[in-house]
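Report on the structure
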Amino acid sequence: MADAGASVNGTQDKIVTPDEERFLNTTAEDASGISPDTIERLRKEPPLRQYLVKKYAKESKRNWDLFYKRHTTNFFKDRHWLVREFPELAKTTAGSEASKQFNILEVGCGVGNAVFPMLEDFPNTFVHCCDLSPRAVEFVRNSDDYDPARCNAFQCDIVNDNLADNVPPASINCVTMLFVLSAISPSDFKSVVNNLKRVLAPGGLVLFRDYGLFDHAMIRFKPGHKLAENFYVRQDGTRAYFFTKDELQALFEHDEPDDSGGKGLQTVACHYVQKETSNRKMGICVPRIFVQGKFRMPLSTTESSLPTNQ
């Protein structure tokens, strides 16, 4: 799976200036500049009936497969911005010993728009990557840039399938999770995080970016698309949830005992990112709000949480 609205061909993200960055740690309302009337409209809109909510959940795999059948490899730009937004990714891979392999897991890899730039930029790296869509995984495997000696692409439902069936437990130094959790039912978020914990190495990082509450993509949904609070369905049947930074942080720090070790992750950073996406052909420029986080697997089950850098 991948973001169906953030990095589409024909659009361009504006670099955030230092003046804009001071707004990143405020509330979602302030970060987006949304009006009280719009907030009230979104909250009052009734959700779809439960049978439709269940239908879209059941058909998620099919809808993403159809998405990639329609768009093939032409919809998303390669994500060369990863190092800019997550500089520790480059620092960590560069700092690893020549004889020691750095292992990355890309969750929701789509057709490889983040996978192949990482393989190109980080030669001492092995990338495991998975997607709900079998068609997307086939596009990755069939690419001229795919090298089985450096990459393991596999189909996976990260809610119901155990990642450790395809990735060695406690082996991953870094998980990249870009616009994928939002496509999953909110009731399954904890299961996804627990699944990641099964394969994260002690001290391993989760690098996360997804839709923020009151992002333009949320505001433009018309009546008849709301599945639940902050959760919507697109025309093609794919879904999108819009996060607050507080709920995202609480999700990853959750330490209820589970079969993945029972210890919550430590928040290194969690904030809103303000962007402007422009479409030059249509002559429009719209504000975007994403939520970005960095979460660290404890070095041991008794390690205390790190101070949060927000």
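Residues numbered from 1 in each chain as written. Predicted model: local features only at pLDDT ≥ 70, side-chain atom pairs only at ≥ 80, totals over all residues. Heavy atoms only, no water.

1. Some words on the overall build of the protein
Looking only at helices and strands, one finds twelve helices and eleven strands in the protein. By sequence separation, contacts in the protein at least 24 residues apart represent 76% of the contacts at least 6 residues apart. Approximately 14300 Å² of the protein is accessible, and the part contributed by carbon and sulfur atoms is 50%. (Helix = DSSP H or I, 4+ residues; strand = E, 2+ residues; numbered from the N terminus. Contact = heavy atoms within 4.5 Å. Areas by Shrake-Rupley, 256 points an atom, 1.4 Å probe, with all protein chains shown as cover.)

2. A look at the packing of helix α5 (residues 60–71) against helix α9 (residues 134–142)
Orientation of α5 relative to α9, taken along the N-to-C sense of each, is 40°, at an axis distance of 7 Å. Between α5 and α9, the angle falls in the class oblique. Every residue of α9 that contacts α5 at K61, D65, Y68 and K69 is listed here: P134, R135, A136 and F139. Split into classes, the residues belonging to the contact of α5 with α9 amount to four nonpolar, no polar and four charged. (Axes fitted to C-alpha atoms, helices over the stretch in contact; angles between N-to-C directions. Parallel < 35°, antiparallel > 145°, perpendicular 65-115°, else oblique. Nonpolar A, V, L, I, M, F, W, Y, C, P; charged D, E, K, R; others polar.)

3. Quick look at the packing of aromatic side chains
Per the counting criterion, the structure on display carries 16 aromatic pairs. Taking 5.0 Å as the distance between ring centres and 90° as the angle between the ring planes, the aromatic pair formed by F67 and Y68 counts as edge-to-face. Both residues of the pair, F67 and Y68, count as buried. Ring geometry for F221 against Y232: centres 4.9 Å apart, planes inclined by 5°, an arrangement best described as stacked. With F221 in the loop between α11 (216–219) and β7 (226–228) and Y232 in strand β8 (residues 231–233), the pair connects residues that are eleven residues apart, well separated along the chain. Here the aromatic cluster, defined as three or more aromatic residues joined through ring pairs, consists of F189, F208, F231, Y241, F243, F252 and F295. (Phe/Tyr/Trp six-rings, centres within 6.5 Å; stacked < 30°, edge-to-face > 60°. Buried < 20%, exposed > 50% of the residue type's maximum accessible area, 1.4 Å probe, protein only.)

4. Concerning the sheet that holds strand β9 (residues 239–241)
Spatially, the three strands line up as an open sheet ordered β7-β8-β9, and their pairing is antiparallel. Of all strands in the sheet, those with a lone pairing partner are β7 and β9, marking the two edges. If you compare each strand with its neighbour and ignore which way they point, the axes differ by 30° on average. Bridge count for β7 against β8 is two bridges, and the pairing is antiparallel. Note that in β8 the partner of K226 across the bridge is Y232. (Pairing = 2+ DSSP bridges.)

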